[in-house]
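Residue strings, one per chain:
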4 protein chains.
Amino acid sequence: MALAFDRDELTAYLAEVFPQVREDFAIDALDEGGITMRLLTAERHLRPGGTVSGPSMFALADVSVYALVLSRLGPKALAVTTNCSLDFMRKPQAGVDVVAKAKLLKLGRSLAVGDVHMFSQGSDKLVARSTMTYSIPPER
Amino acid sequence: MALAFDRDELTAYLAEVFPQVREDFAIDALDEGGITMRLLTAERHLRPGGTVSGPSMFALADVSVYALVLSRLGPKALAVTTNCSLDFMRKPQAGVDVVAKAKLLKLGRSLAVGDVHMFSQGSDKLVARSTMTYSIPPER
Amino acid sequence: MALAFDRDELTAYLAEVFPQVREDFAIDALDEGGITMRLLTAERHLRPGGTVSGPSMFALADVSVYALVLSRLGPKALAVTTNCSLDFMRKPQAGVDVVAKAKLLKLGRSLAVGDVHMFSQGSDKLVARSTMTYSIPPER
Amino acid sequence: MALAFDRDELTAYLAEVFPQVREDFAIDALDEGGITMRLLTAERHLRPGGTVSGPSMFALADVSVYALVLSRLGPKALAVTTNCSLDFMRKPQAGVDVVAKAKLLKLGRSLAVGDVHMFSQGSDKLVARSTMTYSIPPER
């Protein structure tokens with residue numbers, strides 16, 4: 001499916017509609033196969049011991065699939081998270097970014113499902129896995 | 001199962017081991033049946049339109065089950081989230097706290113499973129539902 | 001929400017549209033609060049050791065929520081499972097039926113979400129818990 | 001991680017300990033990267049309209065991850081499903097086998113997590129996706 005945005009356009013659009021996430025996330029790559037996003041790990045994302053918090057990992061998975069849906073449907077799209085499953089496999093490494101590789105498993109008329117694998121920067125060991133389902137309300 | 005902490009002790013203990021959450025959450029009630037916790041909704045938890053963000057809801061569910069496990073096992077307990085499922089049913093109301101009612105479905109030797117129902121303060125309509133599984137490593 | 005079927009009507013309707021399940025399940029109770037269904041445990045539902053199989057528990061959860069959706073929307077309703085989460089808490093007792101208590105957490109225009117708690121007949125200990133999401137295609 | 005069984009040994013072992021599944025499933029391939037299993041679709045797995053039932057898809061995902069855990073840990077291993085998430089993306093094609101490709105995301109001392117993608121035979125369109133968590137009790 002053709003992309004409605006390229007990486008720079010999507011970065012600019014997310015920053016505009018979603019200003020809270022601008023300092024937390026960056027898009028590394030976007031193409032027809034999927035998206036690679038990054039949590040710009042900072043003090044506020046950490047738990048005691050230096051590990052990245054669960055809510056920060058959730059946020060990374062959620063924004064990755066949201067960005068992917070927008071990249072296909074363009075700026076008019078509404079999309080609301082309806083379901084999430086999240087498995088934590090390993091402790092993320094302290095002090096490094098978390099990288100998410102997400103792809104769409106389904107992009108239907110009313111539901112989109114994305115699958116996300118998360119890694120500590122520079123490692124190929126899976127830290128967490130998530131599936132996010134978005135409901136896409138009909139255009140008005 | 002007897003409680004290892006009462007509400008005030010648990011509040012104090014969480015504030016000590018988990019300082020990042022002190023300003024975000026409060027324990028409303030704790031007894032042998034479960035726990036009621038509250039997200040002290042502030043600007044940083046919101047999305048455009050004033051709705052409470054998904055990561056904030058995840059964080060509320062996660063800390064509620066963690067607090068519940070601690071309340072049973074006491075301060076020596078380690079507990080690590082291994083799995084989460086989360087269903088979003090309705091938009092939370094803008095500008096009010098989110099209240100979570102959590103109970104333990106299982107507290108085994110190596111796994112604890114908690115169920116969480118979340119509501120906007122003052123409403124009995126379910127906003128979201130979550131199940132959180134914690135792994136409890138053996139004491140050393 | 002008013003019921004489109006009572007228990008006997010729903011039993012008859014399910015037997016008609018879903019003949020494969022007639023010998024496996026029975027409706028114990030149906031009212032506006034929810035449904036109680038039962039797996040009529042037989043040899044074919046068991047695993048070695050006499051425990052009820054995971055797929056049989058899945059089937060019980062799935063049919064309970066499907067029956068609940070039908071009981072609200074009536075015989076014209078289409079409903080397709082899109083997502084399931086399932087937690088297994090305890091081994092079901094050998095040689096007894098499994099009882100499911102299900103209620104709807106949401107019945108929207110395009111999605112229904114049901115929550116199911118499963119017990120061994122005669123016990124109040126939770127054996128498994130499930131959330132099932134059904135997509136409801138628009139009527140044609 | 002080295003394999004404790006090759007494909008033929010695993011097929012024989014599953015048939016011995018799990019006779020109920022012998023007629024339902026076959027192992028197509030097994031190597032260090034994962035397993036490919038197949039639901040030998042028959043009348044008893046179908047729903048009205050000829051589609052493969054949800055419980056049959058659950059069973060395929062569950063047995064695939066179980067077989068994968070056994071292939072690593074050998075015949076002494078116990079493994080009990082504790083959690084499942086399952087997303088249904090598309091209707092399976094009528095009258096053909098369902099093929100599952102599963103791999104282990106984690107094989108820890110007490111938990112194993114497997115990821116399963118399911119397809120209709122001969123198609124590369126994802127029909128369903130599942131994550132299965134198994135608890136591995138300590139050897140006695």
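To be clear, the structure that these remarks concern was listed above.
Conventions adopted
Residues numbered from 1 in each chain as written. Chains lettered and ligands numbered in written order. Predicted model: local features only at pLDDT ≥ 70, side-chain atom pairs only at ≥ 80, totals over all residues. Least-squares fit on C-alpha atoms with pLDDT ≥ 70 in both. Contact = placed C-beta atoms within 7 Å. Core = buried A, V, L, I, M, F, W, Y, C linked by C-beta atoms within 7 Å. Buried ≥ 20, exposed ≤ 12 C-beta atoms within 10 Å, placed from the backbone. Helix = DSSP H or I, 4+ residues; strand = E, 2+ residues; numbered from the N terminus. Pairing = 2+ DSSP bridges. Nonpolar A, V, L, I, M, F, W, Y, C, P; charged D, E, K, R; others polar. Axes fitted to C-alpha atoms, helices over the stretch in contact; angles between N-to-C directions. Left-handed = near helix turned anticlockwise from the far one by under 90°. Expected span 1.5 Å × (residues − 1).

1. Overview of the relation of the copies chain B and chain A
With an RMSD of 0.0 Å, the fit of chain B onto chain A corresponds to turning through 180 degrees and sliding 0.0 Å along the axis. The transformation relating the two chain copies, once decomposed into turn and shift, fits a two-fold axis. Across chain B, the smallest distance between a C-alpha and the rotation axis is recorded for Ser85(B), namely 2.2 Å. Taken together, the interface assignments show that 100% of the residues at the interface of chain B recur at the interface of chain A, consistent with an identical surface on both copies.

2. What to know about the relation of the copies chain B and chain D
Rotating chain B by 180 degrees and translating it 0.0 Å along the rotation axis places it on chain D, where the RMSD comes to 0.0 Å. A share of 100% of interface residues in chain B that are also interface residues in chain D marks the association as one of identical surfaces.

3. Points about the nonpolar core
One finds Leu60(C), Met118(C), Leu60(D) and Met118(D) to be the most contacted residues of the largest nonpolar core, which totals 84 residues. In this structure, Val63(A), Val65(A), Ala112(A) and Ala112(B) belong to the second largest nonpolar core, which totals 83 residues.

4. Remarks on the environment of Asp6(D)
As for its placement among the helices and strands, Asp6(D) is situated in the segment before helix 1 (7-17). Residue Asp6(D) is classed as exposed on the basis of its C-beta count, with 12 C-beta atoms lying within 10 Å.

5. Re the pairing of strand 3 (residues 80-88) of chain B
Within strand 3 of chain B, 8 of the 9 residues are buried, leaving the element largely enclosed by the surrounding structure. Across 5 bridges, the pairing between strand 3 (residues 80-88) of chain A and strand 3 of chain B is antiparallel. Bridging from a neighbouring strand, Cys84(A) pairs with Leu86(B) of strand 3 of chain B. With 8 bridges joining them, strand 3 of chain B and strand 6 (residues 126-135) of chain B adopt antiparallel strand pairing. Paired with Thr81(B) across the bridge in strand 6 of chain B is Tyr134(B).

6. As for the interface of chain B and chain D
Contact with chain B, which involves 7 residues of that partner, is made by 7 residues of chain D. Listing elements by their share of the side of chain B that touches chain D, those giving two or more residues are strand 3 and strand 6 of chain B. Sorting elements by how many residues they give to the side of chain B that touches chain D places strand 3 of chain B first, with 3 residues. Class assignment for the residues of the side of chain B that touches chain D results in 1 nonpolar, 6 polar and no charged.

7. Quick notes on the interface of chain B and chain A
Interface size is commonly expressed as the accessible area that is lost once the parts come together. The interface is formed by 16 residues belonging to chain B together with 16 residues belonging to chain A. Taken together, the elements giving at least two residues each to the side of chain B that touches chain A come down to helix 2 (54-73) and strand 3 of chain B. Broken down by element, the residue count for the side of chain B that touches chain A peaks at 8 residues, all from strand 3 of chain B.

8. Some points on the packing of helix 1 of chain D against helix 2 (residues 54-73) of chain D
Residue and element names in this part refer to chain D. At a minimum axis distance of 11 Å, the contact between helix 1 and helix 2 shows a crossing angle of 115 degrees. Between helix 1 and helix 2 lies a crossing whose hand is right-handed. Contact residues: helix 1 offers Leu10, Tyr13 and Leu14, while helix 2 offers Ala67, Leu70 and Ser71. Tallied by class, residues from the contact of helix 1 with helix 2 come to 5 nonpolar, 1 polar and no charged.

9. Overview of the sheet that holds strand 3 (residues 80-88) of chain D
Note: strands within a sheet are paired through backbone hydrogen bonds, in either parallel or antiparallel orientation. Judged by pairing direction, the sheet is antiparallel, and its 12 strands sit side by side in the order 1(C)-2(C)-4(C)-5(C)-6(C)-3(C)-3(D)-6(D)-5(D)-4(D)-2(D)-1(D) without closing on themselves. Edge positions in the sheet fall to strand 1 (25-31) of chain C together with strand 1 (25-31) of chain D, since each of these pairs with one other strand and no more. Neighbour-to-neighbour, the strand axes of the sheet open up by a mean angle of 20 degrees, direction not taken into account. Two strands pair when backbone bridges link them, and strand 1 of chain C and strand 2 (residues 34-39) of chain C are joined in this way by 6 bridges, in the antiparallel orientation. Bridging across to strand 2 of chain C, Leu30(C) finds its partner in Ile35(C).

10. A few points about helix 2 of chain D
Residue and element names in this part refer to chain D. In this model helix 2 runs 29 Å from its N-terminal to its C-terminal C-alpha over 20 residues, within 8% of the 28 Å that 1.5 Å per residue would give. Where burial is concerned, most of helix 2 is hidden: 18 out of the 20 residues are buried. Gly74 sits one or two positions beyond helix 2 and adopts a positive phi of about 85 degrees.

11. With respect to the sheet that holds strand 2 (residues 34-39) of chain A
Strand order in the open sheet made by the 12 strands is 1(A)-2(A)-4(A)-5(A)-6(A)-3(A)-3(B)-6(B)-5(B)-4(B)-2(B)-1(B), with antiparallel pairing throughout. Because the sheet does not close on itself, it has two edges, and the strands there are strand 1 (25-31) of chain A together with strand 1 (25-31) of chain B. Averaged over all pairs of adjacent strands, the angle between strand axes in this sheet comes to 20 degrees, irrespective of strand direction. Across 5 bridges, strand 2 (residues 34-39) of chain B lies against strand 4 (residues 98-107) of chain B in antiparallel orientation. Paired with Thr36(B) across the strands is Lys101(B), a residue of strand 4 of chain B. Strands in contact with helix 2 (residues 54-73) of chain A are strand 1, strand 2, strand 3, strand 4 (98-107), strand 5 (111-120) and strand 6 (126-135) of chain A together with strand 3 of chain B; relative to strand 2 of chain A, the strand with the most contacts, it is inclined by about 145 degrees.

Nothing here speaks to function; it is all geometry.
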